[in-house]
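Here's the letter readout for the chains.
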Amino acid sequence: MLLMVVALFAIFGLTLGAFLNVDNLMSLVWSVSSLGIFGVAMTVVVIARGMTLSLIASMGVATAVAIQLMCIPVSTPVALMVGLGIVLIIGLFSGFLIAFVEIPALFATMASGLLVYGLARNTVFDGSIAELPGNCQFVLSVGQSTLFGTPVPIVVFARSRFWCSRCCHASRQTSGLTTSAGDGGKPSLRRRAAGLRPATGRDALDHR
């Protein structure tokens, strides 16, 4: 994948005259920084031996609900907290289905994402586009302002990547997240978490 990115970058740089322009590169990085933040979130899930297909649905629904609340109008902090609460509820619901009901992560996150989007689309959203009110200067500043000449979304992505790396490094130093050959390569944390839910046949086989 990295080689493909380098190859495309080289091809575009040679064939498109303005591609290597500083403003164009900054605009490109600015536009994909949100995807980078999603990539950091997905990295954490994959490292934890999981999978999520509800990431984009969670982002879209929470953002659209927060924007519609701002249009009522509701104060920006309250609207943002409601959006954050929606994301947390979706994550906790998916985690419950995976950890306690033992539905595979692929199906649990796909179902939760479709369920949340379908409910919001039919009961909350007025249309397919949620337009941010012009008086929400704080939200606009987060998405469009710069910090020491660097766009804020890029700064948020860089900080997210940094803290993700630090957390992953710290988790390897704790005994609860290490793996061993005798555990079949599975995190020992799963065995500890098994005591929080009713015993199942799978837990008995894992114990053996």
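Being a predicted model, the structure only gives us computed values, none of them experimental. (Residues numbered from 1 in each chain as written. Predicted model: local features only at pLDDT ≥ 70, side-chain atom pairs only at ≥ 80, totals over all residues. Heavy atoms only, no water.)

Colleague: Please set out the overall build of the chain residue by residue, giving values where relevant.
Modeller: Secondary structure assignment for the chain yields nine helices and two strands. Beginning at the N terminus, the succession of helices and strands in the chain can be written as α-α-α-α-α-α-β-β-α-α-α. Here the chain holds 208 residues, and 22% of them are scored as buried. Taking all contacts inside the chain whose residues are at least 6 apart in sequence as the whole, residues at least 24 apart take part in 52%. With an accessible surface of roughly 14100 Å², the chain has 71% of that area assigned to carbon and sulfur atoms. (Helix = DSSP H or I, 4+ residues; strand = E, 2+ residues; numbered from the N terminus. Buried < 20%, exposed > 50% of the residue type's maximum accessible area, 1.4 Å probe, protein only. Contact = heavy atoms within 4.5 Å. Areas by Shrake-Rupley, 256 points an atom, 1.4 Å probe, with all protein chains shown as cover.)

Colleague: Lay out the confidence of the model for the chain in plain terms, naming residues and giving numbers.
Modeller: Scored by pLDDT, the chain comes out at a mean of 76, with 79% of its residues at no less than 70. By mean pLDDT, the top-scoring element of the chain is helix H1 (residues 2-15) (89), and the lowest-scoring one is helix H8 (residues 188-194) (46). Taken together, the stretch residues 177-193 has pLDDT below 50 and engages in 26 contacts with residues farther than four places along the chain or on a different chain. (pLDDT = per-residue confidence, 0-100.)

Colleague: Can you break down the packing of helix H4 (residues 76-99) against helix H5 (residues 105-123) residue by residue, with the values?
Modeller: H5 packs onto H4 with a crossing angle of 145 degrees between their chain directions and a minimal axis gap of 9 Å. H4 and H5 meet at a crossing whose hand is right-handed. Counted together, Ile90, Phe93, Ser94, Leu97 and Ile98 of H4 and Ala105, Ala108, Thr109, Ser112 and Val116 of H5 form the full contact between these two elements. Taken together, the residues of the contact of H4 with H5 break down into seven nonpolar, three polar and no charged. (Axes fitted to C-alpha atoms, helices over the stretch in contact; angles between N-to-C directions. Left-handed = near helix turned anticlockwise from the far one by under 90°. Nonpolar A, V, L, I, M, F, W, Y, C, P; charged D, E, K, R; others polar.)

Colleague: Tell me about the packing of aromatic side chains, and name the residues and values.
Modeller: The tally for this structure, following the rule as stated, stands at four aromatic pairs. Ring geometry for Phe162 versus Trp163: centroids 5.3 Å apart, planes at 75 degrees, classification edge-to-face. Look at Trp163 and you get partly exposed, because its relative accessible area is 46%. Aromatic ring contacts, followed pair by pair, group Phe9, Phe12 and Phe19 into a single cluster. (Phe/Tyr/Trp six-rings, centres within 6.5 Å; stacked < 30°, edge-to-face > 60°.)

Colleague: Can you lay out a nonpolar patch on the surface for me, pointing to particular residues and giving the numbers?
Modeller: Judged by side-chain polarity, Met51, Leu53, Phe96, Phe100, Val101, Ile103, Leu106, Phe107, Met110 and Leu114 come together as a nonpolar surface patch covering roughly 900 Å² of accessible area. The dominant element in the nonpolar patch, judged by the number of residues it contributes, is H5, at four residues. (Patch = residues over 30% accessible without salt bridge, like charges linked within 9 Å, V, L, I, M, F, W, Y side chains within 5 Å. Salt bridge = Lys/Arg side-chain N within 4 Å of Asp/Glu carboxyl O.)

Colleague: Give me the lowdown on the side chain of Ser58, citing residues and values where you can.
Modeller: Following the sequence through the fold, Ser58 ends up in helix H3 (residues 55-71). For Ser58, a relative accessible area of 8% puts it in the buried group. Contacts of Ser58, omitting those with residues within four sequence positions, involve Val87 and Ile90.

Colleague: Describe H4, listing the residues and the values that go with them.
Modeller: The end-to-end C-alpha distance of H4 is 34 Å, a good match for the 34 Å that 24 residues give at a rise of 1.5 Å each. Thr76, Ala79, Gly83, Ile86, Ile90, Ser94 and Leu97 are the residues of H4 that are buried. (Expected span 1.5 Å × (residues − 1).)

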